[in-house]
Every structure is written in structure tokens, then in C-alpha cells.
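Topology and contacts: notes
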Amino acid sequence: MTDQAPLVDTTRADASAHVIEVRDLVKRYRKGTVNAVDGVSFDVEAGQFFALLGPNGAGKSTTISILTTTLAPTSGTVSICGRDVVDDASAVRGQVGIIFQNPSLDMNLTGEENVRFHAILYHLYPYRPLYRMMPSAYRHQLKELADVLGLGPELFKPVKRLSGGMRRKLEIIRGLMHHPRVLFLDEPTSGLDTASRRSLWQYIRDLRRRHDITICLTTHQLNEAEEADQVCILDHGRVVAKGTPRDVKAQLVHERLILDAVDRDGLRRRLRELNVPFRDDGALVIELNGRTAHEIVRSIEEPLTVLRTESPSLEEAYLRILAAGDE
Ligand code: ADP
């Protein structure tokens, strides 16, 4: 559907504002003895890729359910695109797309019917009783999404006859039909094979570039969060780390230098003389802790057979943060 130009164009003003604002969010379930979410605050800017991470039970799903208006907070405030999730829930729903883990498809309808009814519910297209009678814009949009995810004739089969992976793809197609400004993805690639996973991520990247969509992801696949603009790690309902993946890694895990020499004993002696702590792990591993590799290497005269630096992964930083919390 083509919208008329709005009288007041708020897009520019919105662009600098936070698309998601979470302040001191608390949720205690009725029978809970502790807060499932315990004073969480974060902001996400327009077009950002934000990843919410944490182990099972950390409070990710609870947070996302509040952000997407399906669960009421105990206290604190959340606004999405400037609208309060409690006072203005229906406006928020129109701005968000949700791709959740638990499928909510109607098993007796075909995949296409599930998508069509969703599109009609969101007033995207007028209702027609058959697919072939739907506007060509609808058929075109559906085909584009189905191609990306590799769904073909399965679209027209009852959902109950589709595999788990295909149902997941359908959920994703449905969540993207109304061009949401903010897309919530809860473990979006679980149950997808590597090829579909890759093409889904490629599509999400394109969406962000072309439409400035804000992405809010929860995942256990830490490598999927490496590209995020901002990550927020939750544990026991609290924020334990927040920032760019680079910042989060730098706070906890330093780069290391890997060295080896034919005369490894000589190299060990040299490092001890230089007061450089190392660990013997096949080659000699030195945690840089803020020093540069050059500072260390220039004082070594032994001919080296291995010389490289290694950056930690987000997963390493994540595991250390959680281990520190358990100590
Ligand atoms: P995550 O998504 O990070 O795995 P959840 O948000 O699902 O974490 O859960 C956070 C905490 O809230 C957990 O301790 C969980 O047991 C509890 N919890 C989740 N849903 C309910 C519920 N409906 N009633 C009571 N406690 C719940």
C-alpha cells in the first residue's frame, strides 16, 4: 500500500533519537522469589544492530517480551520509537516485527495463508480469498522473501506437513511482511541449516542498509553477535557488560602474542629476563595486557619460527564475564 506523505516528517528527528529506551526495568513473576529482570537499562539507536546475550534464565526472553508488549513490566519504563510499551502498546506493535523461538503458526493453514492473514491483520493488503487473487505487490513481496530463505512450493502446503526448519522460515517471512522499524529476533537461526542461516543474515544486513531497520537480537551463537554495534550481556536479570563487541572484549580479554623458536629454551630464558610472563601451550603464549607486540619482539634476538597475534573472540569474553559472576 502506498502511504500519503505525512504532514510532519518525523523521520529526521527520529533518526537521532533512541529507537529503544529501557530504563530500570524490573520484572518479578507472580510466583517468583527473585526478579527475573532486575533493573536493566539500555538504549538502542536507529539502525543499530543490538544483541542481547546471556545464559539460560538470564532474563533475555522476559526482557524481549516486555519490549514487544506481550508481558507487562513490574516497574521501569520502555519506549519503542518514542511510544511507551504499556500506554501505547498497539502503536508499538505496528512498529515492531517479531521472530520468536516458539512457533505461533496455524498448523491447519498453508504457509502462504499464514503469511496472508498476518499481512491483512496489519492492513498491508486487502483481503482476497485466494492467493492468486491477492495484489501482485503482495505476491511479489512474498516471493522475494521466500527466495531469500529458500522456500518454494512448500509455501502452499499445510504447515503441519512442513519440517521444523521450514516453519521457522515461514515465521521469519511473516515477521518481515509489514516492514517493521525494529525487528526482534529471538534465536532466529536455531533450527536453520548453515546455508539458510547465511542467507538470512545476508538478507538482514541488506534490510538494515536499505531501510534503516533496527535489529534487536538474542542469541546463543556468539559469532552472530560479533557484527553487532552494541552488545548487552545479562546474567541473573542484571546487565553485566555493555558496549561494542570490541569494548566488551577489551574490558576482559587482551590480545595475545604467540611466539616460538627453534631454541625454545633460549626464548623462554629471554622472556624471563625481560620479565614477560608467558604460558607454554605448544608455542609460547603471552597475554599482551596493554603492551604492544612490537615492544616485546624488538628485545628478542633468538630467530623466531612463529610470530603472530591473536584477538579473543566475543565468546571468550562472554565466558569470562559469566565465570567472573559465578566466583
Ligand atoms: P532467558 O530468556 O535468558 O533464558 P527468561 O527470561 O526466560 O531467561 O527467564 C528469566 C527467569 O525468569 C528465569 O529464572 C526463569 O525461570 C523465570 N521465568 C521465566 N518465565 C517465567 C514464568 N512465566 N513464571 C515464573 N518465572 C519465570
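Let me sum up the structure you'll find in this document. No experiment lies behind these values; they were computed from the predicted model shown.

Turning to the overall build of the protein chain, a few remarks are in order. Across its full length, the protein chain holds twelve helices and 14 strands. In the protein chain, buried positions account for 44% of the 327 residues. Taking as baseline every contact in the protein chain between residues at least 6 positions apart, the subset at least 24 positions apart corresponds to 66%. In the structure as shown, the protein chain presents an accessible area of about 17,300 Å², 49% of it carried by carbon and sulfur atoms. When the 43 basic and 45 acidic side-chain charges of the protein chain are each reduced to a single mean position, those positions are 6 Å apart.

Before going further, it helps to examine the pairing of strand β10 (residues 238–243). Pairing of strand β9 (residues 230–235) with β10 involves five bridges; the strand directions are antiparallel. From the neighbouring strand, I233 faces β10, where its bridge partner is A241. Between the antiparallel neighbours β9 and β10 lie two residues, among them H236 with a positive phi of about 45°.

A few words now on the side chain of K27. In this structure, K27 sits in strand β1 (residues 18–27). Comment: no salt bridge for buried K27; closest opposite-charge side chain is D38, at 13 Å. A polar contact of 2.8 Å, which involves the side chain of K27, links it to the backbone oxygen of A72. When sequence neighbours within four positions are dropped, the list of residues in contact with K27 reads N35, A36, V37, T62, I66, L71, A72, P73 and T74.

Reading the values: the criteria
Residues numbered from 1 in each chain as written. Predicted model: local features only at pLDDT ≥ 70, side-chain atom pairs only at ≥ 80, totals over all residues. Heavy atoms only, no water. Helix = DSSP H or I, 4+ residues; strand = E, 2+ residues; numbered from the N terminus. Buried < 20%, exposed > 50% of the residue type's maximum accessible area, 1.4 Å probe, protein only. Contact = heavy atoms within 4.5 Å. Areas by Shrake-Rupley, 256 points an atom, 1.4 Å probe, with all protein chains shown as cover. Lys, Arg positive; Asp, Glu negative; His and termini not counted. Charge placed at Lys NZ, Arg CZ, Asp CG, Glu CD. Pairing = 2+ DSSP bridges. Salt bridge = Lys/Arg side-chain N within 4 Å of Asp/Glu carboxyl O. Polar contact = N/O pair within 3.5 Å; in protein donor to acceptor, adjacent residues only side chain to side chain.

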